Amino acid sequence: MARPVILHRDFYSRDTPIVARELLGKWLYSEIGGQLTAGVIVETEAYLAEEDPACHAAKGRTPGNAAMFEEPGWAYVYPIHSRCCFNVVTEAAGVGAAVLIRAIEPKLGLSLMRQRRAARRGTETSSRELCSGPAKLCEALGIGRDFNQHDLTKGKTLWLGEPFNGQDPGEHVPLEIRVTSRIGVTSAKDLPLRFVWAGHPSASGPRCLR
DNA sequence: CTGAGGATAGTCT
DNA sequence: GACTATCCTCAGA
């Protein structure tokens, strides 16, 4: 297929909150075994290298978080509660900052997404619930730990880019962005580092935070 | 519809 | 052994 524009290294090589904000409206693609799935990013969270105890890199580099210290534009996939969450590394190599992708609106390959989700759940899932959470979208797109340290700027198997061919980018830019504290973190509760496409049905979290 | 609580496993100390 | 950037089920309204 003809690739839509892929996000390059310089997109990621900026301050993490800026990257998190500008990621809203971009598309996340996975092409695994020749099967394409994709969706629009509607919710992100920034995790900072400095003064952010909630960041996995806060206590320094360990084998588990090593990906966060790699090149911007690389993937950091970590396991939690027997699921996975997907981050993109930002700023610069050695810094230890990233953006967590919390929710997408499913656009391409819905039936495969449903299949992958149902494999775990055993029940049918509505399209708005399909990718409305960091671990849900990983399941739906087939993102596992094998994508840790994957280079997202190559446009192969897993990457971020502009809207799919034929889709008007203008329709995929949020009219309003809501900024809140991050969901589920136990430290640094007050930092306004969560970015949501305001009112989007595919966002996660309690209704009052969408 | 909403909010609370429990299940669950990988990682670090 | 204690954490956890989660998800799902089940009450209750």
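Here goes a summary of the coordinates provided. Source: prediction; values computed, not measured. (Residues numbered from 1 in each chain as written. Chains lettered and ligands numbered in written order. Predicted model: local features only at pLDDT ≥ 70, side-chain atom pairs only at ≥ 80, totals over all residues. Heavy atoms only, no water.)

Things to note about the protein's contact with DNA strand C
In the vicinity of DNA strand C there are 21 residues, among which His56, Asn87, Arg117, Arg121 and Thr186 approach most closely. Those atoms of DNA strand C that come within 4 Å of the protein belong to sugar or phosphate at a rate of 55%. A distance of 3.2 Å separates a sugar or linking oxygen of DNA strand C from a polar side-chain atom of Tyr47. Elements that contribute at least two residues to the surface near DNA strand C include exactly strand S3 (75–80), strand S4 (83–89), strand S5 (98–108), helix H3 (110–121) and helix H4 (134–141). Looking at the surface near DNA strand C, the element that brings in the most residues is H4, giving three residues. Grouping the amino acids of the surface near DNA strand C by side-chain chemistry returns ten nonpolar, six polar and five charged. (Near = heavy atom within 4 Å. Polar contact = N/O pair within 3.5 Å; in protein donor to acceptor, adjacent residues only side chain to side chain. Helix = DSSP H or I, 4+ residues; strand = E, 2+ residues; numbered from the N terminus. Nonpolar A, V, L, I, M, F, W, Y, C, P; charged D, E, K, R; others polar.)

Description of the protein's contact with DNA strand B
Close to DNA strand B lie Thr62, Pro63, Gly64, Pro79, His81, Ser82, Arg145 and Arg207. Counting only the atoms of DNA strand B that lie within 4 Å of the protein, the sugar and phosphate share comes to 80%. Gly64 places a main-chain nitrogen or oxygen 2.9 Å from a phosphate oxygen of DNA strand B. His81 is positioned such that a nitrogen or oxygen atom in its side chain is 3.4 Å from a base oxygen of DNA strand B. A per-class count over the surface near DNA strand B returns two nonpolar, four polar and two charged.

Side note on unusual backbone geometry
The residue Glu51 is not glycine, and still its phi comes out positive at about 55°. Residue position: Glu51 is located in the loop between strand S2 (35–47) and S3. With a phi close to 60°, Thr157 is a non-glycine residue in the positive phi region. Classification of Thr157 by relative accessible area gives partly exposed; the value is 32%. (Buried < 20%, exposed > 50% of the residue type's maximum accessible area, 1.4 Å probe, protein only.)

Digging into the pairing of S2
Most of S2 sits inside the fold, with eleven of its 13 residues counted as buried. Sheet topology note: the strand S1 (residues 27–32)/S2 ladder contains six bridges and is antiparallel. Pairing of Leu28 across the sheet is with Gly39, part of S2. Hairpin connection of S1 to S2: two residues between the antiparallel strands, including Gly33 at a positive phi of 60°. As defined by bridge partners, S2 adjoins S5 across nine bridges and the pair is classed as antiparallel. Counterpart to Glu45 in the pairing with S5 is Leu100. (Pairing = 2+ DSSP bridges.)

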